[in-house]
Every structure is written in C-alpha cells, then in structure tokens.
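Here are the chains, one letter per residue:
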Amino acid sequence: MIRLSTLSTRGAAVLMLGSLLVLGGCHRGASRDTVETTQTQNQFDMTMKAYKNGQFLIDGAVVSALDAGSHFSYLKDAGKLPKTVLLLPSDDSKIRKQHLQYMARLQLDYGFVAYYDDGGKLARINPVDTKARALEDYHAPAAAPSSDTGKDASGKSYGGGSDAGH
C-alpha cells in the first residue's frame, strides 16, 4: 500500500480548495441561463413589443390582446405558429403586468413558449405564476362630455324652451 506524506496530502487538499474558490469566484452568482436580450433576439421565431394600455406591436401594427389572439389563431391555421415568442418593451411603453398576463394566456392557448425582456435579461413567462388573464379588446378612454350636450343641431336646448308648444 502506498502512503503519501501528510505534507503532500495537505498540499493537494489546499490546491483543490483553492481551485474551487477560484472557479467559484469567476461565477459571481450570475446564472448561466441569463443572457443579454440583444444577443439572442434573432433566435426567437417571433418578436412582439408591449404598447400602451395592454396592447401589442406586432410587425409594426398596434393590436389589442384579443386581436393578438386572432393573429396567433391565423398563424396556427396556416401552420406557421411560432414555438418561441419574445416580448420587448417599445419606445412608447415598458412591459407591464397586464402584458405578461395576456402573454401567459396566449401561451396557454397556443402552446408556444414566451420570454420577456426583464431589464436587459431574458425571463420566461410562467402562466401559473403570472395568472393568465382573459384576452380583451382595447377600449379607448371615454370622451369628455361636450358643452353641446342637450342641444339640437341648431344649438337650441331640448325641451323647456320658449319655442315649446308652437
């Protein structure tokens, strides 16, 4: 049986420990799964952008969540449904919770995997954690009441005027 001296055994242990510390220091807690968004953008089958009020930009067109669902339905019927979709912030809006909830619903309905830009890093949208939301059409904010309310085309008030009864 070969015996190593105590000094060489301890030296090997110190070298092993030192190697582990050096390799661990290179890692610095960063996950290997996080990649810069700009580097991987071309690896996705489809890219969408978040827009105001829960809407999306798809191929330059502003669509509601319901219209985005119709678009994915069309792609499914045409046999061109993407396997991976990337959601990015647009110049007009950042990615909001509402966007993630709509994307989670689309992901459940059409079976693709969705990712989003989370501060320059990619994050996968988990439909269970995000609480998928029913798709809705965009409803513009209600218009402010006009001062012409209660007047006919000639500008006279309805009812109660001096012309009543003629």
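Residues numbered from 1 in each chain as written. Predicted model: local features only at pLDDT ≥ 70, side-chain atom pairs only at ≥ 80, totals over all residues. Heavy atoms only, no water.

Q: Describe the packing of aromatic side chains, naming the residues involved and giving the relevant values.
A: Within the structure shown, the criterion is met by four aromatic pairs. Ring centres of Phe56 and Tyr102 lie 6.5 Å apart, and the angle between their planes is 65°; this geometry places the pair in the edge-to-face category. Taken as a pair, Phe56 in strand E2 (residues 56-58) and Tyr102 in helix H4 (residues 97-110) lie far apart in primary sequence, 46 residues in all. Here the two residues Phe56 and Tyr102 agree in accessibility, since each one is buried. Clustering of aromatic rings is evident, with ring pairs tying together Phe72, Tyr110 and Phe112. (Phe/Tyr/Trp six-rings, centres within 6.5 Å; stacked < 30°, edge-to-face > 60°. Helix = DSSP H or I, 4+ residues; strand = E, 2+ residues; numbered from the N terminus. Buried < 20%, exposed > 50% of the residue type's maximum accessible area, 1.4 Å probe, protein only.)

Q: Just give me the short version of helix H3 (residues 65-77), but keep the residues and values in it.
A: With 13 residues, H3 extends 18 Å from end C-alpha to end C-alpha; this agrees with the ideal 18 Å at 1.5 Å per step. Along H3, the positions that sit buried rather than exposed are Ala65, Ala68, Gly69, Phe72 and Leu75. End-on, the buried residues of H3 take up no more than an arc of 120°, which puts them together on one face. What points out from H3, more than 90 degrees from its buried face, is the exposed set Tyr74 and Asp77. Each element contacted by the buried residues of H3 is listed here: strand E1 (46-50), E2, strand E3 (61-63), strand E4 (84-89) and H4. Gly79, located one to two residues past H3, shows a positive phi value of around 75°. (Expected span 1.5 Å × (residues − 1). Arc of directions from axis to C-beta. Contact = heavy atoms within 4.5 Å.)

So far we have only geometry, and geometry alone does not tell us how the molecule works.
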